[in-house]
Amino acid sequence: MANIKSAKKRILVNETKAARNKAIRSKVRTAIKKVDAAIAAGDKAAAQAYLVAATAEIDKAETKGVYHKNNASRKVSRLAKAVNAMA
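Please read all numbers here as calculations on a predicted model, not as lab measurements.

Conventions and cut-offs
- Residues numbered from 1 in each chain as written.
- Predicted model: local features only at pLDDT ≥ 70, side-chain atom pairs only at ≥ 80, totals over all residues.
- Heavy atoms only, no water.
- Helix = DSSP H or I, 4+ residues; strand = E, 2+ residues; numbered from the N terminus.
- Rg over C-alpha atoms; globule rule 2.2 N^0.38 Å.
- Contact = heavy atoms within 4.5 Å.
- Lys, Arg positive; Asp, Glu negative; His and termini not counted.
- Charge placed at Lys NZ, Arg CZ, Asp CG, Glu CD.
- Expected span 1.5 Å × (residues − 1).
- Buried < 20%, exposed > 50% of the residue type's maximum accessible area, 1.4 Å probe, protein only.
- Arc of directions from axis to C-beta.
- Patch = residues over 30% accessible without salt bridge, like charges linked within 9 Å, V, L, I, M, F, W, Y side chains within 5 Å.
- Areas by Shrake-Rupley, 256 points an atom, 1.4 Å probe, with all protein chains shown as cover.
- Salt bridge = Lys/Arg side-chain N within 4 Å of Asp/Glu carboxyl O.

A closer look at the overall build of the protein
(1) Moving on: Per the secondary structure count, the protein includes 3 helices and 0 strands.
(2) Moving on: Relative to the 2.2 N^0.38 estimate, which gives 12 Å for 87 residues, the radius of gyration of the protein is 17 Å and therefore markedly larger than a compact globule would have.
(3) Moving on: When the backbone C-alpha atoms are referred to their principal axes, the protein occupies close to 60 × 20 × 15 Å.
(4) Moving on: A separation of at least 24 residues holds for 60% of the contacts in the protein among residues at least 6 apart in sequence.
(5) Moving on: Placing the 20 positive and 6 negative side-chain charges of the protein at their respective mean positions leaves the two points 9 Å apart.

With respect to helix 3 (residues 69–84)
(1) Moving on: Between its terminal C-alpha atoms helix 3 stretches 22 Å, which fits the 22 Å expected from 16 residues at 1.5 Å a residue.
(2) Moving on: Taken together, the buried positions of helix 3 are Ala-72, Val-76, Leu-79 and Val-83. An end-on view of helix 3 places all buried positions within 65° of arc, on one side of the element. Of the exposed residues in helix 3, those oriented more than 90 degrees away from the buried face are Arg-78, Lys-81 and Asn-84.
(3) Moving on: Among the structural elements, helix 1 (5–41) and helix 2 (44–63) are those in contact with the buried residues of helix 3.

Considering a positive patch on the surface
(1) Moving on: Together, Lys-5, Lys-9, Arg-10, Lys-17, Arg-20, Lys-27, Lys-60 and Lys-64 line one region of the surface with positive charge.
(2) Moving on: Looking at the positive patch element by element, the count peaks at 6 residues for helix 1.
(3) Moving on: By the secondary structure assignment, Arg-20 is in helix 1.

Listed below in structure tokens is the structure:
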């Protein structure tokens with residue numbers, strides 16, 4: 001355990017930021033799972049609606065620094081490609 005006051009503060013701040021990042025990542029993963037479930041069910045309208053919501057969550061995560069720009073872009077691209085490939 002840290003003895004220096006600033007080191008103790010860093011530990012607390014890092015825990016807070018880690019919890020925030022974890023929550024944001026969880027939201028993104030849930031949104032992606034909803035899109036994948038709609039694709040598996042063959043419901044294109046629902047998949048497109050979930051895609052819009054998932055894209056918004058991914059963009060928010062990117063803005064907050066949780067995901068790198070290219071990583072977020074790749075996730076959105078793959079989801080859109082999967083939805084557009086539906087018959």
